Amino acid sequence: SSSLGLPPSVWGRSWKSKKMAPISCCSTQRLLPSALLAALWGGFCAALAVGRPQVQVSGRQLLVDGKPFHMKGVNWNPVRRGGKHPEDLDFRGFVETDAEIMALAGVNALRTYEPVTDTEVLDALWEKG
């Protein structure tokens with residue numbers, strides 16, 4: 001596991017266009033600390049693409065460069081109304097609209113129920129912050 005306690009299946013992947021790791025928290029959803037760290041890891045990948053912040057865990061608090069990190073996250077499962085998961089997942093069809101809404105709401109962490117491996121979707125999310 002990594003220094004943050006994440007299994008290699010979570011932190012071992014990288015996006016082709018950016019050096020970041022997509023996150024799927026399904027394997028950690030039963031343990032709050034692991035799920036929290038996995039969700040936060042996605043938010044830090046953006047920072048890692050630019051620089052290397054100092055990330056520390058102090059008790060139950062996550063610190064980035066010595067300052068508390070406040071996570072504002074959502075579960076994102078883009079399935080059309082009446083559709084079924086996972087066969088009707090449509091990351092590409094929903095990413096532009098949903099990323100805009102999430103950016104306006106100040107979301108800085110996503111949890112998905114299936115891995116997001118489409119680099120166009122990941123790039124669209126990256127562009128919206």
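Calculation rules
Residues numbered from 1 in each chain as written. Predicted model: local features only at pLDDT ≥ 70, side-chain atom pairs only at ≥ 80, totals over all residues. Heavy atoms only, no water. Pairing = 2+ DSSP bridges. Helix = DSSP H or I, 4+ residues; strand = E, 2+ residues; numbered from the N terminus. Right-handed = clockwise from strand over helix to strand, strands pointing away. Buried < 20%, exposed > 50% of the residue type's maximum accessible area, 1.4 Å probe, protein only.

Attention now goes to the pairing of strand S4 (residues 73-76). Where S4 lies against strand S5 (residues 109-112), 4 bridges are found, and the strand directions are parallel. Residue pairing across strands places glycine 73 opposite alanine 109, the latter belonging to S5. Between the parallel pair S4 and S5, the chain is carried across by helix H3 (residues 91-105), and the sense of this crossover is right-handed.

Turning to the environment of leucine 104, a few remarks are in order. Tracing the backbone shows leucine 104 in helix H3. For leucine 104, a relative accessible area of 69% gives the class exposed.

Here the focus is unusual backbone geometry. With an omega of 5°, the peptide bond running from histidine 85 to proline 86 counts as cis. Note on placement: proline 86 falls in the loop between S4 and H3. The backbone of aspartate 65 sits at a positive phi, close to 50°, despite the residue not being glycine. The topology assignment puts aspartate 65 in the loop between strand S2 (61-64) and strand S3 (67-68).

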